[in-house]
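Understanding the architecture of this molecule
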Amino acid sequence: MAGMDLPRIVAAPMAGGPSTPELVNAVSFGFLALGTCLVTDAREQLAAVRGPFGVNLFYPQEEPSLDDVTRVAQELGTDVPGVDLTGGFAEKFELVLHAAPAIVSSTFGCFTAAEIDQLHRVGSAAWVTVTCESEAQEAASRGADGLVVQGPLAGGHRGTWDQNDTPDERPLEDLLQAVLGAVPTPVIAAGGVRARRDVEKLLGLGAASVACGTAFLLAEEAGTSVRNREILRAGGTSVNSRAFSGRWARGVETDFTRAHSDMPAIYPYLKPMVPDNPYCLVGHGFDDLVQAPAAEIEAALTP
């Protein structure tokens, strides 16, 4: 990472609101999550952070099956919405190049070699979210500086590059070992980390760092909504389902996820079809999340 040592843990990007500039500023190293926000919001967030930080972007999506999109719209009694498959990636990428954060990471796909060169020219390291060895090898071949290996217990969206793929369900420890054996690139472990012992175990297995997201959802500085804070405090079960957004994601089980367990891969069309169906994305085992300042949560996790 350009100009600094990598912390043993980083606050992972949580799109949709939880990752705020205040949260990033409160920890040793955190990520802004610019994947779903407006370009204007991205500009404001970048201006509000200080010190070394990271930025996460959602890579532009391939068009899903329009037959599936149309069928789901008919089942839900709504029209097929207009969507932006790029998520404003090009505009946000330019903003990020200007801001030159220490790290820029991608989810749902991999930066091109040319984009990684651009990041390197402004002094930013390029990380890529991967969920299997083949993704890791491709990212490494393009020049990625770090690979975020995301396991099946991670909250939020699973970072498979092709949304039609069924995510690898091997435990994070096994995925970590497999990727470490496949590429020489530093690996950051992510998914299901709740305690210091989890961090110690993953570092002992060879991870260069550990990304923690769900652990910070109830941090005072997190932008987690009032409703989702209530849901998290109430406890429950998290499930992997496409019924949250049309992409595989882990969140709190709802009547909608139970009724639509066979949802096809139609991201990002699903959410605008059901605007009144809020959901709470969270990792496995969230009953004991800590409500405290982010710095205290970080200290409790750090070996």
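About the thresholds
- Residues numbered from 1 in each chain as written.
- Predicted model: local features only at pLDDT ≥ 70, side-chain atom pairs only at ≥ 80, totals over all residues.
- Heavy atoms only, no water.
- Helix = DSSP H or I, 4+ residues; strand = E, 2+ residues; numbered from the N terminus.
- Rg over C-alpha atoms; globule rule 2.2 N^0.38 Å.
- Buried < 20%, exposed > 50% of the residue type's maximum accessible area, 1.4 Å probe, protein only.
- Areas by Shrake-Rupley, 256 points an atom, 1.4 Å probe, with all protein chains shown as cover.
- Pairing = 2+ DSSP bridges.
- Axes fitted to C-alpha atoms, helices over the stretch in contact; angles between N-to-C directions.
- Contact = heavy atoms within 4.5 Å.
- Right-handed = clockwise from strand over helix to strand, strands pointing away.

1. Focus on the overall build of the chain
Helices and strands together make up the secondary structure of the chain, namely 12 helices and 11 strands. In terms of C-alpha radius of gyration, the chain reaches 18 Å, essentially the compact-globule figure of 19 Å for 303 residues. C-alpha extents for the chain along the principal axes are approximately 55 × 45 × 40 Å. Scored against the burial criterion, the 303 residues of the chain give a buried share of 53%. Within the structure as shown, the chain displays about 12800 Å² of accessible surface, and the carbon and sulfur contribution to it stands at 49%.

2. Describing unusual backbone geometry
In this model, Y267 is joined to P268 through a cis peptide bond whose omega is 5°. Looking at where P268 falls in the secondary structure, it is placed in the loop between α10 (255-259) and α11 (270-273). Of note in this structure, A100 is not a glycine but carries a positive phi near 50°. If you trace the backbone, A100 turns up in the loop between α4 (89-99) and β4 (103-107). Looking at A100, the relative accessible area reads 31%, which means it is partly exposed. Even without a glycine there, the phi angle at F108 is positive, about 75°. Note that F108 resides in the loop between β4 and α5 (113-121).

3. Remarks on the sheet that holds β4
In spatial order, the strands read β1-β9-β8-β6-β5-β4-β3-β2; together these eight strands make up an open sheet with parallel pairing. Looking at the sheet topology across the chains shown, the edges are occupied by β1 (9-11) and β2 (31-33). Strand-to-strand, the axes of this sheet are offset by a mean angle of 25°, without reference to chain direction. Examined bridge by bridge, strand β5 (residues 125-130) and strand β6 (residues 146-150) share four bridges and lie parallel to one another.

4. With respect to the side chain of T160
For T160, the position within the fold is in the loop between β7 (156-157) and α7 (172-182). Taking relative accessible area as the criterion, T160 reaches 4% and is therefore assigned buried. Those residues in contact with T160, other than ones at most four positions away along the chain, are F108, T131, E135, P167 and R247.

5. Comments concerning the pairing of β5
Among the six residues in β5, six count as buried, and that is most of the element. Because side chains alternate across β5, one face comprises the buried residues A125, W127 and T129, and the other comprises A126, V128 and V130, equally buried. When β4 meets β5, the two strands line up parallel, connected through four bridges. Each bridged residue has a counterpart across the sheet, and for I103 the counterpart in β5 is A125. In this region the chain leaves β4, passes through α5 and returns to the parallel neighbour β5; the handedness of that crossover is right-handed. Regarding topology, helix α6 (residues 133-141) serves as the crossover connection from β5 to the parallel β6, and that connection is right-handed.

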